[in-house]
Amino acid sequence: SQKIEQNSEALNIQEGKTATLTCNYTNYSPAYLQWYRQDPGRGPVFLLLIRENEKEKRKERLKVTFDTTLKQSLFHITASQPADSATYLCALAPLINQAGTALIFGKGTTLSVSS
Amino acid sequence: EPEVTQTPSHQVTQMGQEVILRCVPISNHLYFYWYRQILGQKVEFLVSFYNNEISEKSEIFDDQFSVERPDGSNFTLKIRSTKLEDSAMYFCASTRTGGYGYTFGSGTRLTVV
């Protein structure tokens, strides 16, 4: 069966450190993979998208990698701050039916950054 | 920054009643979606809508559910006869086209009693 898994439900780190979140998937060949941030009681907020032919993408303190051989994406937040505390969701779009295709979400990793 | 607007933010309804959740997607977006999130669980896809018709739907989206785009701006989700297990946050989202991030609304918290 198709699965998308975010290995840690919770991750606690100290301010200033780099947070690394993992997303693994099985039985998909995604056209692209996305990362979202979700705060309690709010909708997901889009952060980054990485395509199957891209290895790495950066945006400010965020970096995403995508390894289609390992079927894994890593999401890094450098110089983390307490304001980065939230749940981070991995989502992928299956290769078939690219335009407007439904995103499949992982359960998320809740990051807590302590000062 | 353009937003997806959802109303109401919270709705309480009795089991068996019909509810309509409303959304105003971003104006130049072409694809519209409904997702739901049961408390403590993952965001689940319900339905996608493009060019005035459903393009994809999940197993959750059974005959009790319907979507409509009654005019050029609104996008609605109707649940005909609500069940207790329909209690969840319902999110509307839109995107310009494939290969772009989705913009989600803040959600409607539906409580069925």
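To be clear, the structure that these remarks concern was listed above.
Throughout, residues of each chain are indexed from 1 in the direction in which the sequence is written. Working convention: letters from A go to chains and numbers from 1 go to ligands, in the order in which they are written. It should be noted that, the model being predicted, local features are given only for residues of pLDDT at least 70 and side-chain atom pairs only at 80 or more, the latter also being counted only at that level, while totals for whole chains, interfaces and linings use all residues. As a rule here, side-chain values cover all heavy atoms of the structure and leave hydrogens and water aside.

Colleague: What is the right way to look at the state of the cysteines in this model?
Modeller: Linking two cysteines covalently through their sulfur atoms gives a disulfide. Note that a disulfide, as used here, is simply two cysteine sulfur atoms within 2.5 Å. Taken as a whole and judged by the stated rule, the model has two disulfides over all chains. Residue pairing for A:Cys23: its cysteine sulfur links by disulfide to A:Cys90, the two sulfurs lying 1.9 Å apart. For the disulfide bridge between A:Cys23 and A:Cys90, the dihedral angle about the S-S bond is near -60 degrees, and by the sign convention the bridge is left-handed. With A:Cys23 in strand E3 (residues 19-26) and A:Cys90 in strand E9 (residues 86-94), this residue pair connects regions lying 67 residues apart in the sequence. For every residue, the accessible area (1.4 Å probe, protein chains only) is compared with the maximum for its type, and the residue is labelled buried under 20%, exposed over 50%, or partly exposed between those bounds. Judged by relative accessible area, A:Cys90 falls into the buried class, the value being 0%. Put simply, B:Cys23 and B:Cys92 are joined by a disulfide, and their sulfur atoms are 1.9 Å apart. A torsion of -65 degrees about the S-S bond marks the disulfide between B:Cys23 and B:Cys92 as left-handed. Here B:Cys23 is found in strand E3 (residues 19-24), whereas its partner B:Cys92 is found in strand E9 (residues 88-95), with 69 residues between them in sequence. Taken individually, B:Cys23 and B:Cys92 each receive the classification buried, so the pair is uniform in this respect. Under the scheme used here, helices are H or I runs from DSSP no shorter than 4 residues and strands are E runs no shorter than 2 residues, and both carry numbers assigned from the N terminus.

Colleague: Would you mind going over the nonpolar core with me for this structure?
Modeller: Nonpolar side chains tend toward joint burial in soluble globular proteins. The set of buried Ala, Val, Leu, Ile, Met, Phe, Trp, Tyr and Cys residues whose side-chain atoms join them within 4.5 Å is what this entry labels a nonpolar core. Judged by nonpolar contacts, the single largest core of 23 residues is most densely connected at A:Tyr25, A:Leu33, A:Trp35, A:Phe75, A:Ile77, A:Tyr88 and A:Leu111. Contacts are assigned to residue pairs with any non-hydrogen atoms lying within 4.5 Å of each other. With sequence-adjacent residues up to four places away left out, A:Ile77 is seen in contact with A:Lys17, A:Thr18, A:Ala19, A:Arg61, A:Leu62, A:Asp84, A:Tyr88 and A:Leu111.

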